[in-house]
Amino acid sequence: MWRPCSQNMILTALESVCCAVLQDMMVKVLLLHLCFLFASFQGVCPQTLRVINVKAGEMVALYCPCGRGTNIGDAEVTWSSYTSQETHLSNMSSAQQRQMGLLVHGRSLVVFNASVKHEGNYTCSHGNAGRSSWFRLTVYTTQTEESTQYPQTCYTQETCTLYCPAVNIPAANIPNITSNGIVWHKEGESWSTDGYRSRVEKKDQGVYTCTRSYLYYGQIYNMTFTVELDVQPKKKTEKPGSITSPKEGERFPVDLGAPKVIDCEAVIHSDSDDVFWHSGESVVERNSSFPVYYNVTREDNAGEIKITVSLVFRNMSKDDLSKNYTCKLQSDSEMIRPKQVTITLAQKPRHSNLPQFLGFAGIFVVMVLTEVIYVRFKIDITLFLRDTLGCHSRTSDGKSYDAFLMYYKSDTDAGLNACDRKWLESVLEEKFGYSLCLYDRDVSLGTAVADAVLDSVEQSRTVILVPASPDPGPGSGLLSAIHAALVERQTRLIFIKTEGTEVLRSGSLQEALQLLSEAGDRVTWKGTSFMPPSSSFWKQLRYYLPAPQRSPKISLFPQTV
């Protein structure tokens, strides 16, 4: 019996937007993988997928970030997982979440006892804001497999407090989760529960582990981090009467005709100490109108006087390059001997444009490679995103069918015979899960034939025109009558043709086919070799078709009939 038809337009604005979004997602995925491929050359990569590693059996928390300039509450955040299958976690009850070893609370997603079943992609989105964040959770089984070491530096004879990283830990506002403290260990022995030493020695250097414990409904869950402690010698405090910078004989590259400033830093004993620049027997003047001069800045800090004497070249010349400049410290105190540091100047080598050229060439190669990969593999990428990751719109458009299969009489013997047509219908419905409207099965014959066909087209998301031999029924003769309505309504059309299709001759039917074939997408049926569901024919046909509204059956069809 014919089901009621919807009066919506064949192509809604939503479907057009979804198609554009899907293509944009494919380009972003390609750019992301290419960016990782060329990261060693470019040095940066926009991160759109956050990778999180966690040891099996431990706790980990994912936190959904707020978008820039947004003010979104926790109640509007939704979580989904893409592990063995797509699961909307935010729609699950508390009991179902606990059964999966998860807890969703606002912008937090907590995995209590990570295992292989939790591996996969997770996404969070802020209501209808259209902004999503993606996470990739990887579970490793050994401490050295994927664990990250966090460096920390302390100094001998000084206090040292180890800090346990607060990475991917549960938020403080999650109900029923309480912190149970931190315990430190080194080589299997407890060092200090608070990670504090009043005086650290070189022997304390090494790799430490800290364990954060959390209590949830009477069960303890742990998070382990590795901290690598580096113990350095105690910092030296410069004594008064010393030059700390630059070093003796230090070489400074300069550009001819360009200004240059070289700082001499010193720690002095009193205001009577003097620090200045000279070249040979000539003392550099402090007058800023001279081509070469120096100025002085002073800083008093806890009784220590630091002074910086800056040697300034207004425009570096070749004559300046031929001289040596010396920073000298003199003191009236007999306890402090005069100190000096001499520097040299050297012209910078001419700048080469080769790095810039290679950079632009690399960007051009990446762009071309991205375009080539997208054009070559866009069908496979689209079907992978649709079938594996479920990246397509699931919003109902009011249509009863995914496609209306309409046959027309082929002028040659190259049209699909009865067996081919049966195989086409069976694979689309049983293998790929499409809901088809067939003339001899779903179209009511109680009204005018043309009106009934147009109503069936109205309730279908796509129309597939298939050449048939011999004439399969009344559908062939209707094309002349309804082609104007199809073109006027901008119906989504897929035109299947065969390799033996001849050039269309004159006549109302041929003119209708010509108009419809030019308005739609074309897929070529080459014979029985294209019958297997994995063939390029089915890939192209599914690429032009929208995603089916229902899931396909898992059973496979035989490859021959």
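Before any of the text, the structure's been laid out above.
Residues numbered from 1 in each chain as written. Predicted model: local features only at pLDDT ≥ 70, side-chain atom pairs only at ≥ 80, totals over all residues. Heavy atoms only, no water.

S.K.: Report on the nonpolar core, specifying residues and quantitative values.
M.R.: Counting 26 residues, the largest nonpolar core has Ile262, Val275, Trp277, Leu311, Phe313, Tyr325 and Leu345 as its most contacted members. Elements that contribute at least two residues to this core include exactly β17 (251-254), β18 (260-268), β19 (274-279), β21 (292-301), β22 (304-313), β23 (325-330) and β24 (339-347). In terms of residues, this core owes the most to one element, β22, which gives five residues. Dropping the residues within four chain positions of it, Leu311 is found in contact with Lys260, Val261, Ile262, Trp277, Val284, Val292, Tyr293, Tyr294 and Tyr325. (Core = buried A, V, L, I, M, F, W, Y, C linked by side-chain atoms within 4.5 Å. Buried < 20%, exposed > 50% of the residue type's maximum accessible area, 1.4 Å probe, protein only. Helix = DSSP H or I, 4+ residues; strand = E, 2+ residues; numbered from the N terminus. Contact = heavy atoms within 4.5 Å.)

S.K.: Can you tell me about the packing of helix α6 (residues 354-387) against helix α12 (residues 536-544), naming the residues and giving the values?
M.R.: When two helices pack together, their arrangement is given by the angle between the helix axes and by the axis-to-axis distance. Relative orientation of the contacting elements α6 and α12 amounts to 65°, with a least axis distance of 10 Å. Of the possible angle classes, the one that applies to α6 and α12 is roughly perpendicular. Helix-helix and strand crossings are classified by hand; for α6 and α12 the assignment is left-handed. Between α6 and α12, the contacting residues are Lys378, Ile379, Asp380, Thr382, Leu383, Arg386 and Asp387 on the first element and Lys539, Gln540, Arg542 and Tyr543 on the second. Here the residues of the contact of α6 with α12 are counted per class, giving three nonpolar, two polar and six charged. (Axes fitted to C-alpha atoms, helices over the stretch in contact; angles between N-to-C directions. Parallel < 35°, antiparallel > 145°, perpendicular 65-115°, else oblique. Left-handed = near helix turned anticlockwise from the far one by under 90°. Nonpolar A, V, L, I, M, F, W, Y, C, P; charged D, E, K, R; others polar.)

S.K.: Describe the environment of Lys378, with residues and values.
M.R.: For Lys378, the position within the fold is in helix α6. Each C-alpha atom, one on Lys378 and one on Tyr543, is 9.1 Å from the other, the two residues being 165 residues apart in sequence.

S.K.: Any chance you could break down the state of the cysteines for me, citing the residues and the numbers?
M.R.: Taken as a whole and assessed by the stated rule, the structure comprises four disulfides. Paired through a disulfide, Cys154 and Cys160 show a sulfur-sulfur distance of 2.1 Å. One quick way to see it: the torsion about the S-S bond of Cys154 and Cys160 is about 65°, and its sign makes the bridge right-handed. Accessibility assignment for this pair places Cys154 and Cys160 in one class, buried. (Disulfide = S-S within 2.5 Å.)

S.K.: I'd like a rundown of the pattern of salt bridges, residues and numbers included.
M.R.: Evaluation of the coordinates by the stated rule reveals seven salt bridges. We note a salt bridge from Asp255 to Lys348, for which the minimum N-O separation is 3.6 Å. Highlighted residues: Asp255 in the loop between β17 and β18 and Lys348 in the loop between β24 and α6, separated in sequence by 93 residues. On the basis of relative accessibility, which here comes to 38%, the residue Asp255 falls in the partly exposed class. Across the pair Lys323 and Asp319 runs a salt bridge whose closest N-O atoms are separated by 3.4 Å. A residue is classified by how much of its surface remains accessible, and Asp319, at 44% relative accessible area, is partly exposed. One continuous salt-bridge network, built from bridges that share partners, spans Glu429, Arg441 and Asp442. (Salt bridge = Lys/Arg side-chain N within 4 Å of Asp/Glu carboxyl O.)

S.K.: Before we move on, can you summarise the pairing of β19 with the specific residues and values?
M.R.: Within β19, five of the six residues are buried, leaving the element largely enclosed by the surrounding structure. In the sheet, β19 pairs with β23 via five bridges, with the strands oriented antiparallel. Considered in β23, the bridge of Asp274 is made with Gln330. Judged from the two bridges that link them, β19 and strand β20 (residues 282-283) form a sheet pairing that is antiparallel. By the bridge assignment for β20, Ser279 is matched with Ser282. What sits between β19 and β20 in their antiparallel hairpin is a turn of two residues, with Gly280 showing a positive phi close to 65°. (Pairing = 2+ DSSP bridges.)

S.K.: Could you give an account of the packing of aromatic side chains, naming the residues involved and the relevant values?
M.R.: One pass over the structure, following the stated rule, counts 11 aromatic pairs. Relative to Phe537, the ring of Trp525 has its centre 5.0 Å away and its plane inclined at 90°; by these criteria the two rings are edge-to-face. Of the two residues, Trp525 sits in strand β29 (residues 521-525) while Phe537 sits in helix α12, which places them 12 residues apart along the sequence. For the pair Trp525 and Phe537, a shared accessibility class is recorded, and that class is buried. When the ring of Phe537 is compared with that of Trp538, the centres are 5.2 Å apart and the planes differ by 75°; the resulting orientation is edge-to-face. Cation over ring: Arg376 sits above Phe377, and NZ or CZ is 4.9 Å from the ring centre. (Phe/Tyr/Trp six-rings, centres within 6.5 Å; stacked < 30°, edge-to-face > 60°. Lys NZ or Arg CZ within 6 Å of the ring centre and 35° of its normal.)

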